[in-house]
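These are the residues of each chain, in order.
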Amino acid sequence: MNKLASALTGLGGERVALCDVSVSAVLQDLLAEVAVSQTYRNDERVNIEAVYTFPLPLDAVLLELEVEIGGRLLKGVVVEKKAAEGKYEDAVEAGDAAVMLEAIEPGLFTMNVGNLLPQETAKITFRYAILYRWAGDRLRFFLPTTIAPRFGESPHLPHQAPKPSLTVENQFSLRVEVRGALRDAQFVCPSHAIELVKSPEGVVLSLSQPNAVMDRDFVLNVKAPQATRSFVLCGQDGVGLAAVASFQPFFPGLQQPRPLNLAIVIDCSGSMQGDSMEQAKQALEGILDGLQPHDRIALIAFGNSTNVLSDRPLPCNKTNLAKAKRFAKALDANMGGTEIGNALREAYAVAGRSESADVFLMTDGEVSDWETVVDDAKKSGHRIFTVGVGSAVSEAFVRELAAVTGGVCELVSPREGMADRVVRHFERMRAPRAKRVAVRWPDGAANITPARIGAVFEGDTVVACARFDRAPAQGAAILEVETDKGETVRQELAFPATTPTPDGLSTVARVAAAARLKELDDGVGLETALRYRLVSPWTNWLVIAPRTDEEKAQDLPALRKVPQTLAAGWGGVGSVAMSLSMDALAAPRAMYSRSVDFAAMEDFDLSEIETPRRSLPLDLPEPYRRLLELVDANASRLDVAGALDLLTESGLAAEFDDLFRHTADLGLSVDVVAAIVLARLLGGPLGEPLSGDAQVALASLQERAREATDALQQMGRHGVALARLTQEPAAREVLRRRSDGEDLERFARMRELLDHLDEAVRRSGERLQHERARHAHREGGAIA
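Residues numbered from 1 in each chain as written. Predicted model: local features only at pLDDT ≥ 70, side-chain atom pairs only at ≥ 80, totals over all residues. Heavy atoms only, no water.

Another aspect to go through is the overall build of the chain. Tallying secondary structure elements over the chain gives 18 helices and 34 strands in all. Relative to its 784 residues, the chain shows a buried fraction of 56%. Across the chain, the fraction of contacts at a sequence separation of at least 24, relative to all contacts at a separation of at least 6, is 76%. (Helix = DSSP H or I, 4+ residues; strand = E, 2+ residues; numbered from the N terminus. Buried < 20%, exposed > 50% of the residue type's maximum accessible area, 1.4 Å probe, protein only. Contact = heavy atoms within 4.5 Å.)

Okay, here's the thing in structure tokens:
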């Protein structure tokens, strides 16, 4: 891609407030601690509020937040969510600076940086801890850097919903320090080019270039046969003690493989185009080669609809395997959106009610409303083993889906070995099932988490936590697993000695409390989050930086949302071309290895990216088909001036006639509201088949639509307050003209318009789905 003229400016000329991200990680023997610094700079002439939604590993436990602004270093505090939002808003309206960090879903956070003055910089650093999860003698340290586009309407507020950009390259730097027993491990980094320096104190890994584009997860695979992988961590918890036990059980003598009864579900939606689809087909090929004659399988491909090999699992004889391989060979990422809930229900139906039937799912997990899918899966009674593929997979979705059903998740980035992950899943599925699993603690244990131990597989990590009002004089945590054949395996881990913590609240205590939050109700959850200073569904991190009267901002800030760099290889746009590996044992000094020509990459122009042309789905109703054809024919029409004409010429404007008349009645621009409608219609799966030029134009239109929506929300919010104020006698006396009050009431009604807009777009989406379902029914069998 072209070099950017400025770290603050995208290729399309848009300004980006986030100008730097630096990551520093320390991998100790038993857990990792990671510090992330985000630097925001206001290069505009007005004060701004920067909003950035970003991913973190699902198990990350945030410990600290610091803000450097105006020569001051301020510490964050954890505050009840509503109170934090109120204090943040009050500070911004008062002209002070404020920073708020909130969790909007598992693994997803939003940073709000309010009232950044012109030419002002704020550096925000947060630190988190994460326990290792071993699989055999390897662990996978990864750092997500971007959020790939997701199918379906985002459940988050407009300013929080992540939005990708083809023209913005966020960048980061990275330093990983490895200490203790892990310094002798082998390291393989399939995602980035890295350098390694080894010393008697440890190993330091860093990017081979000063910065890397945030378009893929950073992945570091660590193989450490000699490391301690089962242990208990203890730490001070007030006057008591917190304990975290990490077991890695092995079951000698229980190697009697079970036959498989398997429904394999493959994501063939448009987002899988490119690297992800190649990975999925590679995995499927490995699966079919690994099946035995006594196994039974069903294959289900899905996008907007499903395509099944058979309505029941087939015996794995030569004829059926050949049929399955032909089915697999014909798969492509050309089935539209990601209706994964429907596909899994199809899999449950095909698998039947047999408890022995498992589901094997391969997907990039890019779905907005994924928590509903997880809830449905939990009720299905089937174990789901997931493989999350792609350069920026939705970890929370694929891991939660596996965890709640008794399965396991494997994440595989492009250029990462797929074969051993498939083999590992096969070993798990063929292993005897546990009839009873329990962790036994010394007397006095309370707040035991999890309340019920889920699936246990040989060589995988099982984590459990407990709290003691008084430290036990001695003791051990014991894992007991009884298989369905009545055999019992025990693993016992002794408690280590502990050292006092200055403030009486150790990192171990906070990690244990974070695990407990997942099982608490609102009241106890809030109390626990405040006590252990944890960001949660009920609490936010907050920093207020008061300004002097001379420094205070005079106006409300302009909202500036930080876009996501489009994930590498997503939807067939480009590909993850880089693959690096590094072996500490074989390379005692710094080494350089690369498989790509960086000079050639730097000369590569974005305009040269060739998005594979995709045919429009056959089930697309005519007005929507016409709209896509018009946009592809002339992508420059995708702007505010051309939006209404596009809707009119395609025949879709009539659907929004009430909305446009409502807009005109309020004296607002119909062109702008039409642009918002068009941006939302094309923002979902409908826009996936568009060409590369159209995607770039769409990204620009969506940015304009977001700004307009934010402006309407702000005007609506303040309009309501002002309209109420004008009802006061003193205000009526001050207002000289009746029309002044009417103008304010008009602002207050902008909220109604936004509701109307949401409803109109939702109805249009439902009509589209209805028409496509009817088409599938007419065609017979596309939806079984």
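There is more to say after this.
In terms of burial, strand β21 (residues 296–302) is a largely internal element, six of the seven residues being buried. Pairing geometry for strand β20 (residues 261–267) and β21, over seven bridges, is parallel. The partner of A263 across the bridge, within β21, is A298. Each parallel crossover has a hand, and for β20 linked through helix α2 (residues 275–289) to β21 it is right-handed. (Pairing = 2+ DSSP bridges. Right-handed = clockwise from strand over helix to strand, strands pointing away.)

In this section: the environment of F247. Within the secondary structure layout, F247 lies in strand β19 (residues 240–247). Remark: the alpha-carbon pair of F247 and A477, spanning 230 residues in sequence, is separated by 9.3 Å. The contacts of F247, once residues within four sequence positions are left out, are S230, V439, D460, T461, V462, A477, I478, L479, Q491 and L493.

Our focus in this paragraph is the sheet that holds strand β29 (residues 462–468). The strand order across the open sheet built from four strands is β18-β19-β29-β28, with neighbouring strands paired in antiparallel fashion. In this open sheet, the two edge strands, each paired with only one partner strand, are β18 (231–237) and β28 (445–449). Neighbour-to-neighbour, the strand axes of the sheet open up by a mean angle of 20°, direction not taken into account. Bridge analysis of β28 against β29 gives three bridges, and the strand direction is antiparallel. Note on β29: the bridge partner recorded for T449 is C465. The sheet contacts of helix α8 (residues 507–517) involve β18, β19, β28 and β29, and relative to β18 the element is tilted by about 100°. (Axes fitted to C-alpha atoms, helices over the stretch in contact; angles between N-to-C directions.)

Another aspect to go through is the pattern of salt bridges. In total, this model carries 42 salt bridges according to the counting rule given. As a salt-bridge pair, E44 and R560 come within 2.8 Å of each other at their nearest N and O atoms. One end of the pair, E44, is in the loop between β2 (31–41) and β3 (48–55); the other, R560, is in strand β33 (residues 558–561), with 516 residues separating them in the sequence. For D658, the salt bridge identified is with R661, shortest N-O distance 2.7 Å. With D658 and R661 both in helix α13 (residues 657–665) and three residues apart, the pair spans about one turn of that helix. Residue D658 is classed as partly exposed on the basis of its relative accessible area, which comes to 47%. Residue classification places R661 among the partly exposed residues on the basis of a relative accessible area of 49%. (Salt bridge = Lys/Arg side-chain N within 4 Å of Asp/Glu carboxyl O.)

A complete count under the given rule lists nine aromatic pairs for this structure. Judged by centre distance (6.2 Å) and plane angle (25°), the rings of F54 and F109 are stacked. Of the two residues, F54 sits in strand β3 while F109 sits in strand β8 (residues 108–116), which places them 55 residues apart along the sequence. For F54, a relative accessible area of 4% translates into the label buried. Note on F109: relative accessible area 7%, which makes it buried. With a centroid separation of 5.8 Å and 65° between ring planes, the pair formed by F385 and F457 is classed as edge-to-face. Of the two residues, F385 sits in strand β25 (residues 383–389) while F457 sits in the loop between β28 and β29, which places them 72 residues apart along the sequence. Each member of the pair, F385 as well as F457, is classed as buried. Ring pairing ties together the aromatic residues Y52, F54, F109 and F126, which thus form one cluster. The aromatic ring of F142 is capped on one face by R140, whose charged end is 5.6 Å from the ring centroid. Its end group placed over the ring of W134, R229 keeps NZ or CZ at 5.8 Å from the ring centre. (Phe/Tyr/Trp six-rings, centres within 6.5 Å; stacked < 30°, edge-to-face > 60°. Lys NZ or Arg CZ within 6 Å of the ring centre and 35° of its normal.)

This brings us to unusual backbone geometry. Cis geometry is adopted by the peptide bond preceding P450, which originates at T449 and carries an omega value of -5°. If you trace the backbone, P450 turns up in the loop between β28 and β29. Phi is positive for Q119, close to 70°, though the residue is something other than glycine. As for its position among the elements, Q119 is in the loop between β8 and β9 (121–131). Classification of Q119 as exposed rests on a relative accessible area of 55%.

Attention shifts here to the confidence of the model for the chain. Overall, the prediction assigns the chain a mean pLDDT of 83, with 85% of residues at 70 or greater. pLDDT under 50 marks residues 577–614. Its contacts with residues more than four places away, or in other chains, come to 87 contacts. Considering only residues more than four positions removed or in separate chains, one finds that residues 779–784, a stretch of pLDDT under 50, has nine contacts. (pLDDT = per-residue confidence, 0-100.)

A word on the side chain of H425. For H425, the position within the fold is in helix α7 (residues 419–430). Beyond its immediate chain neighbours, meaning those up to four positions away, H425 contacts F360, F385, T386, V387, V408, C409 and E410.

Turning our attention to the sheet that holds strand β10 (residues 138–143). The three strands lie next to each other as β10-β17-β13, forming an open sheet whose pairing is antiparallel. Strand pairing shows two members of the sheet lacking a second neighbour, β10 and β13 (186–188), which therefore form its edges. Averaged over all pairs of adjacent strands, the angle between their axes in this sheet comes to 20°, without regard to strand direction. In this sheet, strand β17 (residues 218–223) lies alongside β13 in antiparallel orientation, the contact comprising three bridges. Note that in β17 the partner of F187 across the bridge is V222.

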